[in-house]
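# A look at the structure
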Amino acid sequence: MSRLFTVSLLSILLFATFASADDWPEWRGPKRAGDYNEPGLLKELPASGLSQVWRADCGYGYAGPAVAGGNVYLFDYVKTGGEITNLPSRRDELEGKERLRCFRANSGDELWSSEYDRTYSVSYPGGPRATPTVAGGYVITLGVEGDLMCHRASDGERLWHVNFLEKYGVETPIWGHSAPPLVLGDLVIAVVGGNDALAVAFDVKTGAEQWRALDADEPGYCGPTTIEQGGGENVLVYYPLGVAALEPTTGAVKWSADLRAKFGMSIATPVANENRLFVSGYGESMMMTLDPTGLKNAIDWRGKPNTSVYASNATPYFADEAIYGCDIESSELMAVDPETGERLWETKQPTLADPNQRRPRHGTAFIVRHTPSGRYLLFNESGELIVAQMSREKYDEQWRAKLVEPTSDAFGRPVVWVHPAFAEGCVFARNDKEIVCARIAE
């Protein structure tokens, strides 16, 4: 084989790899859809386990990594004082710094870091909740105490900062501000929570307010998303009083529907399939059919005891054949019939380290669909990556691999409640001590 041919073939292969690479620039990946689109997912776990590309130390955090443009953005907390008790109804007082860091995706080399002092007074205080949002050369973060910030992605320079308490008088909810900001065009749309300012749009370049919408006593914990309806894109906001669609340039309310999750726990992102929308919270859920005009939306069914799935930490996945999600009360991963809300099967196999735990709650497995193969990637609270087939008939696990140790705790068990990122043929997962990059492509 000639050297010229070898170089040409190598160039083609490298270009093919680059061309098929996908970013994971925000919460739940591109368009917040929970889809991983790169081809070539491992069919079997190698005997030696997953190939580790790199590891790096990190601080506390529930915020998952974001991957864009060959870089990884990680938001964490460096604690300098205070004690973490993780009691659901008690606010812990901590001292420390919130920190945004940027790493090379292929090597783990740290490129820059930006930090600021921040005291915490929240329950489960172990770091930021909201995954950074990377778009248009900016990185947008939302801290636990309501610090909305914009950094330049290339060098980490802080461009603007809005604090929700100072500007809008919003007291931090007991479990901290958790809603990942949405970038839509020139707007950053954030769930704030003030009077007539539940949702606020800011200019992405300056931080100046552009519009505000909705009113509620508390903001909840769910980030805004978008849905296609009426020939255009609308902003969807799920909050403790229900769900609403907003006109993206003005914030005008196009429609709303009542759904009141217990304890203000509107956490899981609403998920859509074609013209249907499933919304799930603590103790409440519903299926809607969206009318093209937005004027005649229909509520097809609401969850009843022993039907539907009531999600908390992990957002369900709405496939054609079933809705797959983790139930807050039973900790079971289950399949639900989209037409009726009937539960098709339930299992604790992927969610809990001890399936026989007495009265387990909040068992967690984050669900992502690998679109080229139709398989599912689950990252559970034990720090394991699981590849499985799921259908209306059954859960069929294919392989699992340990990525990180659970370094936090909840309800008497060790947990890691952080959504991973899937990009560059790798999975990026973190706990409160380290971030890990492991190869999952063939």
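Residues numbered from 1 in each chain as written. Predicted model: local features only at pLDDT ≥ 70, side-chain atom pairs only at ≥ 80, totals over all residues. Heavy atoms only, no water.

Let's shift gears to the overall build of the chain. Tallying secondary structure elements over the chain gives two helices and 36 strands in all. In terms of principal-axis extent, the alpha carbons of the chain reach across some 70 × 50 × 50 Å. With 442 residues in all, the chain has 59% of them scored as buried. Contacts in the chain between residues far apart in sequence, at least 24 positions, make up 57% of those at least 6 positions apart. Surface summary for the chain: the accessible area is close to 17,800 Å², and the carbon and sulfur share equals 48%. Taken as two groups, the 42 positive and 59 negative side-chain charges of the chain have centres that lie 2 Å from each other. (Helix = DSSP H or I, 4+ residues; strand = E, 2+ residues; numbered from the N terminus. Buried < 20%, exposed > 50% of the residue type's maximum accessible area, 1.4 Å probe, protein only. Contact = heavy atoms within 4.5 Å. Areas by Shrake-Rupley, 256 points an atom, 1.4 Å probe, with all protein chains shown as cover. Lys, Arg positive; Asp, Glu negative; His and termini not counted. Charge placed at Lys NZ, Arg CZ, Asp CG, Glu CD.)

A negative phi angle characterises most non-glycine residues, just as the trans form characterises most peptide bonds. At Arg32, a position not held by glycine, the phi torsion is positive, near 55°. With respect to the secondary-structure elements, Arg32 resides in the loop between α1 (3–20) and β1 (35–36). The backbone of Phe411 sits at a positive phi, close to 55°, despite the residue not being glycine. Here Phe411 is to be found in the loop between β32 (408–410) and β33 (413–415).

With that settled, consider the pattern of salt bridges. Scanning the model with the defined rule gives 23 salt bridges in all. Ionic pairing is found between Glu332 and Lys348, a salt bridge with its closest N-O pair at 3.9 Å. Highlighted residues: Glu332 in the loop between β25 (323–326) and β26 (333–336) and Lys348 in the loop between β27 (343–347) and β28 (365–370), separated in sequence by 16 residues. Judged by relative accessible area, Glu332 falls into the buried class, the value being 16%. Within this structure, Asp76, Arg99, Arg101 and Glu110 form a network of salt bridges that share partners. (Salt bridge = Lys/Arg side-chain N within 4 Å of Asp/Glu carboxyl O.)

In summary, the side chains of a regular strand alternate between the two faces of the sheet. Of all the six residues making up β28, five are buried; the element is thus mostly covered by neighbouring parts of the structure. The pairing of β1 with β28 spans two bridges and is classified as parallel. Looking across to β28, one finds that Tyr36 is bridged to His370. (Pairing = 2+ DSSP bridges.)

Our next topic: the side chain of Ser114. Structurally, Ser114 can be placed in strand β6 (residues 110–117). Of the polar contacts made by the side chain of Ser114, one reaches the side chain of His151; its length is 3.2 Å. Not counting residues within four places of it along the chain, the set of residues in contact with Ser114 comprises Glu98, Arg99, Leu100, His151, Gly156 and Arg158. (Polar contact = N/O pair within 3.5 Å; in protein donor to acceptor, adjacent residues only side chain to side chain.)

Before going further, it helps to spend a moment on the nonpolar core. Ranked by size, the top nonpolar core spans 39 residues in total, and within it Leu50, Leu385, Phe422 and Phe428 carry the most contacts. Each residue touching Leu50, except ones within four places of it in the same chain, is listed here: Leu42, Leu45, Leu385, Trp399, Ala401, Leu403, Ala438, Arg439 and Ile440. The next biggest cluster of nonpolar side chains, apart from the first, holds 19 residues, and it includes Ile140, Cys150, Tyr168 and Ala197. (Core = buried A, V, L, I, M, F, W, Y, C linked by side-chain atoms within 4.5 Å.)

Adjacent strands of a sheet form backbone hydrogen bonds with each other and so pair up, either parallel or antiparallel. If you trace the four strands from one edge of the open sheet to the other, you get β24-β25-β26-β27, paired in antiparallel fashion. Two strands close off the open sheet at either side, each with one partner strand: β24 (317–318) and β27. Where β26 lies against β27, four bridges are found, and the strand directions are antiparallel. Across the sheet, residue Leu333 finds its bridge partner in β27, namely Thr347.

When pLDDT is averaged along the chain, the result is 94, and 95% of the positions lie at 70 or above. Counting contacts from residues 1–20, a segment whose pLDDT is below 50, to residues more than four positions away or on other chains yields three contacts. (pLDDT = per-residue confidence, 0-100.)

Taken as a whole, this structure holds 16 aromatic pairs when the rule is applied. For the ring pair Trp175 and Tyr221, a centre distance of 5.7 Å and an interplane angle of 55° mean the geometry is tilted. Taken together, the residues Trp175 in the loop between α2 (164–168) and β12 (182–184) and Tyr221 in the loop between β15 (209–213) and β16 (225–229) connect sequence positions 46 residues apart. According to the relative accessible area criterion, Tyr221 is buried, its value standing at 8%. Measuring from ring centre to ring centre gives 6.0 Å for Phe278 and Trp301, while their planes differ by 45°; the resulting arrangement is tilted. Separated by 23 residues along the polypeptide, Phe278 in strand β21 (residues 276–281) and Trp301 in strand β23 (residues 298–302) bring together distant segments of the chain. Residues Phe278 and Trp301 agree in their burial class; the two are buried. Each member of the aromatic cluster is reached from another via a ring pair, and the members are Tyr317, Tyr324, Trp345, Tyr376 and Tyr395. (Phe/Tyr/Trp six-rings, centres within 6.5 Å; stacked < 30°, edge-to-face > 60°.)

Turning our attention to a negative patch on the surface. Taken together, Asp196, Asp215, Asp217 and Glu218 make up a surface patch of like negative charges. Considering the arrangement of structural elements, one finds Asp215 in the loop between β15 and β16. Owing to a relative accessible area of 39%, Asp215 belongs among the partly exposed residues under this scheme. (Patch = residues over 30% accessible without salt bridge, like charges linked within 9 Å, V, L, I, M, F, W, Y side chains within 5 Å.)

All right, on to the environment of Leu74 then. Tracing the chain through its elements places Leu74 in strand β4 (residues 71–82). Linking Leu74 and Ile227, residues 153 residues apart in sequence, is a C-alpha distance of 27 Å. In this view, Leu74 contacts Cys58, Ala63, Pro65, Arg99, Leu100, Arg101, Phe103, Arg430 and Ile435; residues no more than four positions away in its chain are not counted.

This part is about the sheet that holds β23. Taking strand neighbours across the sheet as the criterion, the four strands line up as β20-β21-β22-β23 in an open arrangement whose pairing is antiparallel. Taken across any chain shown, the strands that pair with only one partner, and hence form the sheet edges, are β20 (271–273) and β23. Shown here is a sheet whose adjacent strand axes are inclined to one another by a mean of 20°, direction ignored. (Axes fitted to C-alpha atoms, helices over the stretch in contact; angles between N-to-C directions.)

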